[in-house]
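Structural overview
One-letter residues, chain by chain:
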Amino acid sequence: EDLSPVRKGTGIATDLGLIWRPSSKFRWGLTATDVGGTSFDGDDAPPIILPKINTGFLYRWMFWGFDTDLLVDIHNLENREGLNFLRLFHLGMEFGKSVLSRDHDYGVTVGINEGYVTGGVFFDLYFLRIDYTNYAVELGHEPGQRMDRRWAVSARSSLTF
């Protein structure tokens with residue numbers, strides 16, 4: 001709190017998404033995050049988080065016995081902040097193996113995020129996916145100004161119908 005003021009609040013957000021799968025090898029997706037804007041309650045609440053629209057595609061093929069996914073994402077299509085395009089463009093590859101499920105049960109990821117190289121490993125336990133990742137975030141306006149390299153462990157679950 002000495003270096004920057006801390007703001008606290010409680011809020012609820014809604015995210016929506018859809019996936020179009022015209023073939024077994026190709027998927028296109030569209031998401032809307034913070035639909036309607038996410039506001040917070042509290043005396044010192046953070047400012048409202050504006051909605052964002054993201055899109056991307058995946059193309060899968062076999063490479064040395066691994067399912068290989070090429071992933072391309074463009075985040076924040078509206079780009080209200082006027083950021084450099086490289087900050088919005090994400091390119092990645094996932095090399096995975098299926099053992100028990102229809103999709104990757106474990107594998108490796110590599111890519112470019114905000115203009116920086118990323119990498120990680122993952123384990124998908126069917127109902128829970130755990131990722132261990134190294135990536136960088138650009139703190140400046142343009143790629144290459146102020147890189148902040150980070151390590152992350154994340155767990156996610158999804159409902160598909």
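An account of the accompanying structure is given in this report.

Definitions and limits used
- Residues numbered from 1 in each chain as written.
- Predicted model: local features only at pLDDT ≥ 70, side-chain atom pairs only at ≥ 80, totals over all residues.
- Heavy atoms only, no water.
- Helix = DSSP H or I, 4+ residues; strand = E, 2+ residues; numbered from the N terminus.
- Contact = heavy atoms within 4.5 Å.
- Buried < 20%, exposed > 50% of the residue type's maximum accessible area, 1.4 Å probe, protein only.
- 1 Å grid on protein atoms, 1.4 Å probe; cavity = no way out; pocket = protein on both sides within 12 Å on 5 of 7 lines; lining within 4 Å.
- Points joined across faces, edges and corners; volume = space filled by probe spheres on them.
- Nonpolar A, V, L, I, M, F, W, Y, C, P; charged D, E, K, R; others polar.
- Pairing = 2+ DSSP bridges.
- Axes fitted to C-alpha atoms, helices over the stretch in contact; angles between N-to-C directions.

Take the environment of Leu-58 next. Relative to the helices and strands, Leu-58 is located in strand β3 (residues 52-63). When near neighbours in sequence (up to four residues on either side) are disregarded, Leu-58 contacts Lys-25, Phe-26, Arg-27, Asp-69, Leu-70 and Leu-71.

So, about the environment of Phe-122. Tracing the backbone shows Phe-122 in strand β7 (residues 116-124). The class of Phe-122 is buried, set by a relative accessible area of 0%. Measuring from C-alpha to C-alpha, the distance between Phe-122 and Gly-107 comes to 5.5 Å, with 15 residues separating the pair along the chain. Beyond its immediate sequence surroundings of up to four residues, Phe-122 is in contact with Glu-94, Phe-95, Gly-96, His-104, Asp-105, Tyr-106, Gly-107, Val-108, Thr-109, Arg-129, Ile-130 and Asp-131.

Reported here for the second largest pocket is a volume of approximately 210 Å³. If you go around the second largest pocket, the residues you meet are Thr-33, Lys-52, Asn-54, His-75, Asn-76, Glu-81, Leu-83, Arg-87, Leu-88, His-90 and Glu-114. Of all the secondary-structure elements, those providing two or more residues to the lining of the second largest pocket are β3 and α1 (85-88). Across the lining of the second largest pocket, the residue classes break down as two nonpolar, five polar and four charged.

Turning to the sheet that holds strand β4 (residues 66-74), a few remarks are in order. Sheet strands pair via backbone hydrogen bonds, and the direction of the pair is either parallel or antiparallel. The sheet built from nine strands is open, its strands ordered β1-β2-β3-β4-β5-β6-β7-β8-β9 with antiparallel pairing. Lying at the two open borders of the sheet, with one neighbouring strand each, are β1 (16-20) and β9 (147-156). The sheet shows a mean angle of 15° between the axes of neighbouring strands, direction not considered. The pairing of β3 with β4 spans nine bridges and is antiparallel. When the bridges of β4 are listed, Met-62 appears paired with Asp-67.

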